[in-house]
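Spelled out from the first residue to the last, the chains are:
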Amino acid sequence: MLDRLRHPLVAVVLTLLLTVPWIGLFFSYGGYGTVHPGENIAPATAVVIAGLAILGASFLLAWAAETAEKDVPQAFAIAVLAVLAVAPEYAVDALYAWQAGAGSAQAGNLAVANMTGANRILIGLGWSGIALFTVFRAKSGSDPAVEHRSGFLADVVSLDRGIATEITFLLAATAFAFFVPLSGGIGPVDTLFLVGLYVLYLFVIIRGGVDEHEENVGVPAYFQAKSKGVRIAAVLIGFAFSGAIIFTAVHPFAEGLETLGLQYGIPEFFMIQWLAPLASESPELIVVAYLVNKARSTAGFNALISSKLNQWTLLIGTLAVVYSISAGAVGTLPFDSKQAAEIWITAAQSLFAIAILTNFEISTREAVTLLALFVTQVLAEFYVIQTVPEPAATELSMMILYAYTAVYLVLGFALFFKRRESLHELLGRTLSNARDAVGGGGQAEHAD
């Protein structure tokens, strides 16, 4: 009996059961966009039911990506996982961009605020939190990626050097992001460069060939042992089903959290920038925590970096496209000076985070620094919003943003200078991977 309960399909069924209440709720109210916490359903109920569905779908998504590693390059499988996991974030930003194109002056600012909030959460909470979780987990288990060193918070999580391609493309997108606010908005040039950069990245990793994947256990191992046709069907169904659940459930989940937040006096704009993106990023963080718990830390970080890359390229680039379609003409999504400052601090945080990974490792001390900078900046802004009247609050908030931007830049450039040899190796590996992709050699390196 116990052996039957340990069967991988039992885990699949139990995970699917987590999504059933949401599916029932979804169809009982009439489909997408009909579940509104605070109007036709209690906010707490929406948070619980949608949250359980997101949890279940995240595991299904992770299993599908791991199963796919037998037939496609791991980096590509993780890239697909990352896109599906953050698809709700695209939908939220697309909605605001569409409203901006239809004439809403504030919607453009909301689109940028939501986008920058999501990107900073991914690094400030995601990268730092997963690094700390990896080190913590290694104390009670075995993880070859974790190296224990003497000194204060000196333990490090080592990354496979095959992740160089993702880091380098993220560096290129980050460097370009500093120039985006100079034109007063997100326009066609930004779209062409950023979307083109991501397409080039996909070309390089797809041409890299199939990696020697790690031996999996549980659900992925069960499906990898099946015929290729069954494997492909399982992967496609897993991606499609989990993507649909995540896409439909995250908005009510976020709205439920926002409604609960309003009841406790949290400002709406603050929630759009931080609470809603935190909800939309939750599937990605769950998937990565699952990978780390299986001692697949490098694959987990690869997923986080891939998510940051597609949000920092596709997400920004598609905002101008949606805006132009809504406006009926090619145009530039406008935003104010406050959102320009938000983009700069987001780019500066990204630069610092990349500098940390230049030597293919992140220490506990560096993770704590990332987390502390993120949390203190958000709390400082929240305090200003709650205690200082406008327009002084906006001016003081921008001063905080500029100050933290300067801190990120100083720390980032200092690390790049200190690790210039590692930076040279990083760029060299990426060029080698790109040459292999163009030449069709199939020897590009990938993480794990």
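By the naming in an unreviewed UniProt entry, the protein chain goes by Sodium:calcium antiporter and is assigned to Halogeometricum salsisoli. As its UniProt record puts it under Subcellular location (unreviewed entry), the protein chain is described as follows: "Membrane".

**What to know about the overall build of the protein chain**
Scanning the protein chain from N- to C-terminus turns up 16 helices and five strands. A globule of 448 residues ought to have a C-alpha radius of gyration of about 22 Å, and the protein chain, at 22 Å, matches this closely. Across its three principal directions, the C-alpha atoms of the protein chain cover 65 × 60 × 50 Å. Across the protein chain, every contact between residues at least 6 apart in sequence was considered, and the portion connecting residues at least 24 apart equals 83%. On the protein chain, roughly 18,100 Å² of surface is accessible, and the fraction owed to carbon and sulfur atoms is 69%. If you average the places of the 22 positive and of the 34 negative side-chain charges in the protein chain, the two averages end up 9 Å apart.

**Focus: unusual backbone geometry**
Cis geometry is found at the peptide bond from E390 to P391, where omega equals 0°. Topologically, P391 is positioned in the loop between α14 (364-387) and α15 (392-418). Of note in this structure, L153 is not a glycine but carries a positive phi near 50°. Within the secondary structure, L153 is located in the loop between β1 (146-147) and β2 (156-158).

**Points about the side chain of K308**
Along the chain, K308 turns up in helix α12 (residues 297-327). Leave out the neighbours within four places in its chain, and K308 touches N119, L122, I123, W127, L170, T346 and S350.

**Looking at the packing of α14 against α15**
α15 packs onto α14 with a crossing angle of 170° between their chain directions and a minimal axis gap of 9 Å. Accordingly, the angle class assigned to the pair α14 and α15 is roughly antiparallel. Taken together, the residues of α15 that come into contact with α14 (itself represented by L373, F374, T376, Q377, A380, E381 and V384) are A393, L396, S397, I400, L401, Y404, V407, Y408 and L411. Looking at the contact of α14 with α15, its residues break down into 12 nonpolar, three polar and one charged.

**Comments concerning the environment of S28**
Inspection of the secondary structure assignment puts S28 in helix α2 (residues 8-28). Separated by 353 residues in the primary sequence, S28 and E381 have C-alpha atoms spaced 40 Å apart. Looking at S28, its side chain comes within polar contact range of the main-chain oxygen of L25, at 2.9 Å.

Procedures and definitions
- Residues numbered from 1 in each chain as written.
- Predicted model: local features only at pLDDT ≥ 70, side-chain atom pairs only at ≥ 80, totals over all residues.
- Heavy atoms only, no water.
- UniProt positions renumbered as here; feature names shortened; annotations may be inferred.
- Helix = DSSP H or I, 4+ residues; strand = E, 2+ residues; numbered from the N terminus.
- Rg over C-alpha atoms; globule rule 2.2 N^0.38 Å.
- Contact = heavy atoms within 4.5 Å.
- Areas by Shrake-Rupley, 256 points an atom, 1.4 Å probe, with all protein chains shown as cover.
- Lys, Arg positive; Asp, Glu negative; His and termini not counted.
- Charge placed at Lys NZ, Arg CZ, Asp CG, Glu CD.
- Axes fitted to C-alpha atoms, helices over the stretch in contact; angles between N-to-C directions.
- Parallel < 35°, antiparallel > 145°, perpendicular 65-115°, else oblique.
- Nonpolar A, V, L, I, M, F, W, Y, C, P; charged D, E, K, R; others polar.
- Polar contact = N/O pair within 3.5 Å; in protein donor to acceptor, adjacent residues only side chain to side chain.

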